[in-house]
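The residues making up each chain are set out below.
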Amino acid sequence: MNQQTSRRQRTNATINDVARKAGVSPMTVSRVLNGEGNVRPTTRETVNAAIAALNYSPNPAARSLAGAAPIRIGLLYSNPSAAYLSEFLVGSLDYASRANIQIVVEKCGAGEQAEEAAKRLLRGGVEGIVLPPPLCDSTALLQVLRDANGLAVTVASGHPAPGFSAVSIDDHRAAFDMTRHIAALGHQRIGFIIGNPDQTASERRLAGYRDALDSVGIPYAEGLVAQGLFTYRSGLDVAEHLLDAENPPTAIFASNDDMAAATVAVAHRRGIDVPNDLTVCGFDDTALATTIWPELTTIHQPITDMSLAAVELLAKEIRSRRAGHRAKEQHLQLDFQLVRRQSDAAPRRRPPVTDPRIS
């Protein structure tokens, strides 16, 4: 009889009973059950004591139903490239529409604006946030999420942050392969436009460029490398600088398509033929790569697939947390591809200039 009574208590106790005994709200009990971090340690102890006293066990069917509820994910962005953002949104929204996921898209500035935006999303009921570049490398923003025990997936970071899942490509290898390709065409003076210094992918691409030069025996020249910001405007300024050199490059490899397109524009304005007088290559393979002339040889970064994978990863982590588990973070590295179009060629072989006074 006692055993039957005990069994009945274990079956009949509800989350509301636990909440009443602990003197907290049912939502707080739910947070403790799901292992969420935004509960005071003393409150957690009180709730766990109430759970033990009542022999409470969550109803598996209810847990399953909760896991099937729509998932709300935030997508926080401040990327200046409209072409990149467009492809990123396609991947996110495509997966969300098929997986019972609601995506809240919010634009923010850098620094404190991003941190406040993340806090606002979490307060609004978002269960996790996708962070495309450059926010994927914001240490302050990631710390805000850690402090709130928030879930996030970073996309396209050169050095994925510990404690968070990530989706990226091998930026070093991609830049290495493109630089080797340009060198194989016969170019010895290969210019390079660095991306935004606040983004770790920029560092990895520069390292790939330098290692590729070393692998083919071309000395690294400081004068052939200039700092950009991943924006079209910065690409215009840097291209002018590189082409104004006394001995300008015969090829320029830009760290993204926006800066490569700007380089092509500067070349056109100066009457420089692309690719016969100047090879120009980019990175990302956004829509911009095929809407200019000549179309860009570039690295295809699967932006849409990366975005889709990030939302899928985050949804799995949220479902795992809802079920009371803590999923281990994952780092997915997707494949890139070197896409050759019309903007590269072997350097033009010009006949030597002879002095007419010499017969």
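Shown above is the structure to which this text applies.
Report on the accompanying structure. (Residues numbered from 1 in each chain as written. Predicted model: local features only at pLDDT ≥ 70, side-chain atom pairs only at ≥ 80, totals over all residues. Heavy atoms only, no water.)

**Looking at helix H8 (residues 139-147)**
Next up, step 1: Considered for burial, the residues of H8 that qualify are Leu 141, Leu 142, Val 144 and Leu 145. Within H8, the buried residues cover an arc of 150° as seen down the axis, which keeps them to one side. Turned more than 90 degrees from where H8 packs its buried face, Thr 139 and Asp 147 sit exposed.
Next up, step 2: Each element contacted by the buried residues of H8 is listed here: strand S1 (71-77), helix H7 (112-123), strand S3 (128-131) and strand S4 (151-155). (Buried < 20%, exposed > 50% of the residue type's maximum accessible area, 1.4 Å probe, protein only. Helix = DSSP H or I, 4+ residues; strand = E, 2+ residues; numbered from the N terminus. Arc of directions from axis to C-beta. Contact = heavy atoms within 4.5 Å.)

**Comments concerning the nonpolar core**
In a soluble, globular protein the nonpolar side chains are often hidden away together inside.
Next up, step 1: Counting residues in hydrophobic clusters, the biggest one holds 48 residues, and the most contacted among them are Ile 73, Ile 101, Val 130, Tyr 209 and Phe 253.
Next up, step 2: Discounting residues that sit within four places of it in the chain, Ile 73 has contacts with Ile 101, Gln 102, Ile 103, Val 104, Val 126, Gly 128, Val 130, Val 311, Leu 314, Ala 315 and Ile 318.
Next up, step 3: The next biggest cluster of nonpolar side chains, apart from the first, holds 23 residues, and it includes Ala 239, Ala 260, Val 266 and Ile 292. (Core = buried A, V, L, I, M, F, W, Y, C linked by side-chain atoms within 4.5 Å.)

**Digging into the packing of aromatic side chains**
Next up, step 1: Applying the stated rule across the entire model yields four aromatic pairs.
Next up, step 2: Ring centres 6.3 Å apart and planes at 20° place the aromatic pair Tyr 84 and Phe 88 in the stacked group. Of this pair, Tyr 84 and Phe 88 both sit in helix H6 (residues 82-98), four residues apart, roughly one helical turn.
Next up, step 3: A residue is classified by how much of its surface remains accessible, and Tyr 84, at 6% relative accessible area, is buried.
Next up, step 4: The exposure class assigned to Phe 88 is buried, which follows from its relative accessible area of 1%.
Next up, step 5: Geometrically, the ring pair formed by Phe 192 and Tyr 209 is stacked, given 4.6 Å between the ring centres and 15° between the ring planes. Here the residue Phe 192 occupies a position in strand S6 (residues 190-194), and Tyr 209 occupies one in helix H10 (residues 200-215), the gap between them amounting to 17 residues. The pair formed by Phe 192 and Tyr 209 is uniform in burial state, with each residue classed as buried.
Next up, step 6: Through a chain of ring-to-ring contacts, the aromatic side chains of Phe 192, Tyr 209, Tyr 220 and Phe 253 assemble into a single cluster.
Next up, step 7: The positively charged end of Arg 205 is found above the aromatic ring belonging to Phe 283, 3.7 Å away from the centroid. (Phe/Tyr/Trp six-rings, centres within 6.5 Å; stacked < 30°, edge-to-face > 60°. Lys NZ or Arg CZ within 6 Å of the ring centre and 35° of its normal.)

**Regarding the sheet that holds strand S11 (residues 331-333)**
Next up, step 1: Taken together, six strands build an open sheet; the order of strands is S2-S1-S3-S4-S5-S11 and the sheet is parallel. Each having just a single partner strand, strand S2 (101-107) and S11 make up the two edges of the open sheet. On average, adjacent strands in this sheet sit at an angle of 20° to one another, irrespective of strand direction.
Next up, step 2: Of the strand pairs in this sheet, S3 and S4 are connected by four bridges, and their pairing is parallel. Note on S4: the bridge partner recorded for Val 130 is Val 153.
Next up, step 3: Along the sheet face, H8 touches S1, S3 and S4 and points at about 165° away from the line of S3. (Pairing = 2+ DSSP bridges. Axes fitted to C-alpha atoms, helices over the stretch in contact; angles between N-to-C directions.)

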